[in-house]
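For reference, the chains in residue letters:
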Amino acid sequence: MGSEYFDLHHTVSDDEVDAQAHVHNLRYLQWTLWAARDHNATSGWKAAPALEEGFGWVVRDHEITYRAAAFGGDEIVVRTWVSEVRRYACTRRFLICRPAVQTGLCRGATRWVFVDLRAHRALEVPQEAKDALTLCPKPPKLPWEN
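Bear in mind that the values here come from a model prediction, so they are computed numbers and not experimental data. (Residues numbered from 1 in each chain as written. Predicted model: local features only at pLDDT ≥ 70, side-chain atom pairs only at ≥ 80, totals over all residues. Heavy atoms only, no water.)

Visitor: Sorry, what's going on with the overall build of the protein here?
Guide: Looking only at helices and strands, one finds three helices and six strands in the protein. Counting from the amino terminus, helix and strand elements in the protein follow one another as β-α-α-β-β-β-β-β-α. Referenced to the eigenvectors of the C-alpha coordinate spread, the extents of the protein come out at roughly 45 × 35 × 25 Å. Burial status across the protein gives 41% buried among its 146 residues. When contacts within the protein are restricted to residue pairs at least 6 apart in sequence, those whose partners lie at least 24 apart make up 72%. (Helix = DSSP H or I, 4+ residues; strand = E, 2+ residues; numbered from the N terminus. Buried < 20%, exposed > 50% of the residue type's maximum accessible area, 1.4 Å probe, protein only. Contact = heavy atoms within 4.5 Å.)

Visitor: Could you clarify how one ought to interpret the pairing of strand β4 (residues 89-98) in this entry?
Guide: The side chains of a regular strand alternate between both faces of the sheet. The element β4 is extensively covered by neighbouring structure, given that nine of its ten residues are classed as buried. In textbook terms, the turn of a hairpin is the stretch between consecutive antiparallel strands, and for strand β3 (residues 75-85) and β4 this stretch comprises three residues. Examined bridge by bridge, β4 and strand β5 (residues 103-116) share ten bridges and lie antiparallel to one another. Following the sheet pairing, Phe94 is matched in β5 by Gly108. Between the end of β4 and the start of β5, which pair antiparallel, lie four residues, with Gln102 showing a positive phi angle near 50°. (Pairing = 2+ DSSP bridges.)

Visitor: Where do I start with the environment of Asp15 in this structure?
Guide: Examined against the element boundaries, Asp15 turns out to sit in the loop between β1 (6-11) and α1 (25-43). Under the relative-accessibility criterion, Asp15 is labelled exposed at 59%. In terms of polar contacts, Asp15 uses its side chain to reach the side chain of Ser13, at 2.3 Å. (Polar contact = N/O pair within 3.5 Å; in protein donor to acceptor, adjacent residues only side chain to side chain.)

As structure tokens, then:
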């Protein structure tokens, strides 16, 4: 069983900055995907064997509310946690922030569905995945509150 939440630490590189001189919104989404992957790995979920058998998690939908911009050189934290597991899906929430100045950059959630990748259909979330997830129904404290 893994931890209630996971922190991905990242330094914003200059190539993540767009023509408007801030980080493009798709980069925020990429960071949340990296955090989800790493949280699953530290929780004991083995994605590679599932993929070899033709099973995996796919995104059903994303919800993101942007509050402030990130810039090149920023040290950010992507905090992620699983708030809910249902029969065919789980909801993973996230917060991206700049702890040095105690600023939240965005909040959101992604609903993940477990899928048979060969038949392209949703499957019940396997017990092995449920066992690897630690639910955190309420948002954890902000990184600077720990």
